[in-house]
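# Commentary on secondary and tertiary structure
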There are 2 protein chains.
Amino acid sequence: MPRGECQGQGWWHGRFRGCGYRLTIGREAILDVLSKAPGHLSAEDIYIKIHPGHPNVGLTTVYRTLDVLSSLGMVSKLDFGDGRARYELAEGPKGAHHHHHLVCTDCNKVIDYTDFIDEEVELLRETEKGLGKKYNFKITNHVIQFYGLCDKCIHKK
Amino acid sequence: MPRGECQGQGWWHGRFRGCGYRLTIGREAILDVLSKAPGHLSAEDIYIKIHPGHPNVGLTTVYRTLDVLSSLGMVSKLDFGDGRARYELAEGPKGAHHHHHLVCTDCNKVIDYTDFIDEEVELLRETEKGLGKKYNFKITNHVIQFYGLCDKCIHKK
DNA sequence: TCACTATCGAAAATGGTTTCCAATTTCAAA
DNA sequence: TTTGAAATTGGAAACCATTTTCGATAGTGA
C-alpha cells in the first residue's frame, strides 16, 4: 500500500491521476459496482458482479483496487465480525447517505440506520477534533456499530 | 456457539454454572490473564501467557473459551483491522474503565481513550434504546473506533 | 457405580487475503 | 512515433488466524 497520503478533494478520475494512480478499466468497473449496488459488498461479491462484463479482471485485482480506494479514502472497509471484509463507497461524515450499522451477531444481518445520525455526527466531530489534537492523530474515519440480536434471532430457540 | 442466551447478572463462577457451563482450570486461567493484563489480547497472546503455568491448555481451548465468554457477554471481541481478533474483559457501558479506541491504520497502534466517554455513552444509551425499539434489536454491545494516522506515521514518509 | 454430557488437545482443514512473478499496459519525454 | 521506466495485471501459491474433526477424558447427577 504505497503512496498512502493524498486525501485531496475532487472525485474519481481526477483523484486517481492526481495521486499518481491510473484509472483503469478494472478500477472503473469496481467503482461502478460500488456506486450502484447498495452497500456492504465483499471482495468476492464485487468480483462476481464484475465478471460477466469483465471476465479478465481477477479477484486479486479486486482486492488490490479496494486497498487503493480505501487508502484514498474513497471506500470504507467494514467489518461485521464474520471474517469477511465488506466495502462501501465513502461519502464523508456529512454526506447525504451517511449511516451507521446495527449488526445481528447471530445471523449477521446488517441494518443501516440513519436515525440519530445528526446527533452522533455532531458529537463525533467534536470528539474527533479533541482526540486528534490530544493524541496527535490525523483521524480519517470512524466506525460506530451496535451489536445485538435481531428480531428473528431473539426468538429463534 | 450453543446456549447463547443467558445474559444474567452475577459474575464469573456463578455465571458459568448458571448457564450450564463448567468453570474449568483452563477457563479460569484465561479469565485470570484477561483480568490482569491490560486489554487487547489476541487468542495467541493469551495462549502464550498461560502456557508456562498451564502447558496443557491448548490454543483451541483458548479460542473456544473466548467464544463462550464472548457469548456470555463477559468478554468483548475487538477488531482493529489487522486480521487478528483481540479480546478484553467487558465492563459494561457504565463501567469505570470503559473506553473507546483510536487506531492507527498504518502501524496498528491502538490508543484507549476515555475522553468524551461520558458524552458518548450518554448519547449511545439513547441511541441504543431508540434503535432497539425501532428495529426490534436486543442490543448487547457497541463499537466506536476512530481510524487515522498516529503521530509517527503521519511524518513517516 | 453408571450413563450422559461437557470438555479437552492435537492435528487437519478452512477460507479470506496477500504475495510472488512474469507479462502487459500506460504515459511522458525524447 | 519511439522508448523506457513505472504502474498494473491475473493466476497460482503462500499465508495464517480461526474452525472443525476426532478420539479421549473428566464432571455430574442419578
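One can find the structure itself at the top, above this paragraph.
Model, not experiment: these values are computed from the prediction.

About the thresholds
- Residues numbered from 1 in each chain as written.
- Chains lettered and ligands numbered in written order.
- Predicted model: local features only at pLDDT ≥ 70, side-chain atom pairs only at ≥ 80, totals over all residues.
- Heavy atoms only, no water.
- Least-squares fit on C-alpha atoms with pLDDT ≥ 70 in both.
- Contact = heavy atoms within 4.5 Å.
- Buried < 20%, exposed > 50% of the residue type's maximum accessible area, 1.4 Å probe, protein only.
- Helix = DSSP H or I, 4+ residues; strand = E, 2+ residues; numbered from the N terminus.
- Pairing = 2+ DSSP bridges.
- Near = heavy atom within 4 Å.
- Polar contact = N/O pair within 3.5 Å; in protein donor to acceptor, adjacent residues only side chain to side chain.
- Nonpolar A, V, L, I, M, F, W, Y, C, P; charged D, E, K, R; others polar.
- Axes fitted to C-alpha atoms, helices over the stretch in contact; angles between N-to-C directions.
- Core = buried A, V, L, I, M, F, W, Y, C linked by side-chain atoms within 4.5 Å.
- Buried area = accessible area lost by both parts, 1.4 Å probe.
- Salt bridge = Lys/Arg side-chain N within 4 Å of Asp/Glu carboxyl O.
- Parallel < 35°, antiparallel > 145°, perpendicular 65-115°, else oblique.
- 1 Å grid on protein atoms, 1.4 Å probe; cavity = no way out; pocket = protein on both sides within 12 Å on 5 of 7 lines; lining within 4 Å.
- Points joined across faces, edges and corners; volume = space filled by probe spheres on them.
- Disulfide = S-S within 2.5 Å.

### Describing the relation of the copies chain B and chain A
Rotating chain B by 180 degrees and moving it 0.0 Å along the rotation axis overlays it on chain A with an RMSD of 0.1 Å. In short, the pair behaves as if placed about a two-fold rotation axis. Measuring from the rotation axis to each C-alpha of chain B, the shortest distance belongs to I144(B), at 2.3 Å. Looking at chain B, 97% of its interface residues are interface residues in chain A too, so the copies touch through the same face.

### With respect to the pairing of strand β4 (residues 100-104) of chain B
The two faces of the sheet receive side chains in turn, since in a regular strand these alternate between them. Residue and element names in this part refer to chain B. Across the five residues that make up β4, a large majority, five, are buried. With burial as the criterion, each face of β4 is covered, one bearing H100, L102 and C104 and the other bearing H101 and V103. Bridging between β4 and strand β5 (residues 110-113) involves four bridges; their strand directions are antiparallel. Each bridged residue has a counterpart across the sheet, and for V103 the counterpart in β5 is V110. Here β4 folds back onto β5 in antiparallel fashion, the turn holding five residues, of which N108 has a positive phi close to 65 degrees. Here β4 runs beside strand β6 (residues 138-149); their pairing, made up of four bridges, is parallel. From the neighbouring strand, L102 faces β6, where its bridge partner is F146.

### Observations regarding the protein's contact with DNA strand C
If you check the shell around DNA strand C, you find 19 residues, and the closest are Y63(A), R84(A), N56(B), V57(B) and T61(B). Among the atoms of DNA strand C close to the protein, meaning within 4 Å, 66% are from sugar or phosphate groups. Within the backbone of V57(B), an N or O atom sits 3.2 Å from a phosphate oxygen of DNA strand C. When the residues that make up the surface near DNA strand C are grouped by side-chain class, the tally is four nonpolar, seven polar and eight charged.

### Details of the sheet that holds strand β6 (residues 138-149) of chain A
Read from one edge to the other, the open sheet built from six strands follows the order β5(A)-β4(A)-β6(A)-β6(B)-β4(B)-β5(B), with strand pairing classed as mixed. The open sheet has two free edges, formed respectively by β5 (110-113) of chain A together with β5 of chain B, since each of these has just one partner strand. Within this sheet the neighbouring strands show an average axis-to-axis angle of 25 degrees, counted without direction. Across the sheet, helix α5 (residues 117-135) of chain B is in contact with β4 (100-104), β5 and β6 of chain A together with β4, β5 and β6 of chain B; its angle to β6(B) comes to roughly 130 degrees.

### Regarding the nonpolar core
Ranked by internal contacts, the top residues of the largest apolar core, which has 26 residues, are L102(A), F137(A), F146(A), L102(B), F137(B) and F146(B). Broken down by secondary-structure element, the contributors of at least two residues to this core are β4, β5, α5 (117-135) and β6 of chain A together with β4, β5, α5 and β6 of chain B. When sequence neighbours within four positions are dropped, the list of residues in contact with L102(B) reads L131(A), Y135(A), F137(A), I139(A), K109(B), V110(B), I111(B), Y113(B) and F146(B).

### Re the interface of chain B and chain A
Contact with chain B, which involves 39 residues of that partner, is made by 39 residues of chain A. When the buried area of chain B at its contact with chain A is split by residue, F137(B), F146(B) and Y147(B) rank highest and sum to 18% of it. The interface formed by chain B and chain A includes two salt bridges. Two residues, D115(A) and K134(B), come together in a salt bridge whose shortest N-O distance is 2.6 Å. Across the contact surface, chain B and chain A share 14 residue pairs in polar contact (both at pLDDT 80 or more). For the side of chain B that touches chain A, the secondary-structure elements that each account for two or more residues are β4, β5, α5, β6 and α6 (151-155) of chain B. With twelve residues, the top contributor of residues to the side of chain B that touches chain A is β6(B). Of the residues that constitute the side of chain B that touches chain A, the class distribution is 20 nonpolar, eight polar and eleven charged.

### Notes on the packing of helix α2 (residues 25-36) of chain B against helix α4 (residues 59-71) of chain B
The relative placement of two packed helices is expressed as an angle between their axes plus a distance between the axes. Residue and element names in this part refer to chain B. The geometry of α2 relative to α4 is characterised by a closest axis approach of 10 Å and an angle of 70 degrees between their N-to-C directions. Of the possible angle classes, the one that applies to α2 and α4 is roughly perpendicular. Contacts from R27, I30, L31 and L34 in α2 reach T61, V62, T65, L66, V68 and L69 in α4. Considering only residue class, the contact of α2 with α4 consists of seven nonpolar, two polar and one charged.

### Considerations on empty space enclosed by the protein
Evaluated as defined, the whole model comprises one cavity of 30 Å³ or more. Space inside the largest cavity adds up to approximately 30 Å³. In this structure, the largest cavity is lined by E120(A), L123(A), L124(A), I144(A), E120(B), L123(B), L124(B) and I144(B). Of all elements in the fold, only α5 of chain A together with α5 of chain B reach the threshold of two or more residues within the lining of the largest cavity. Taken together, the residues that form the lining of the largest cavity break down as six nonpolar, no polar and two charged.

### A look at the state of the cysteines
Counted according to the given criterion, the structure contains zero disulfides over all chains. The cysteine C104(A) is free of any disulfide, with C107(A) supplying the nearest cysteine sulfur at 3.7 Å. Its sulfur unpaired, C153(B) is 3.7 Å from the next cysteine sulfur, which belongs to C107(B).

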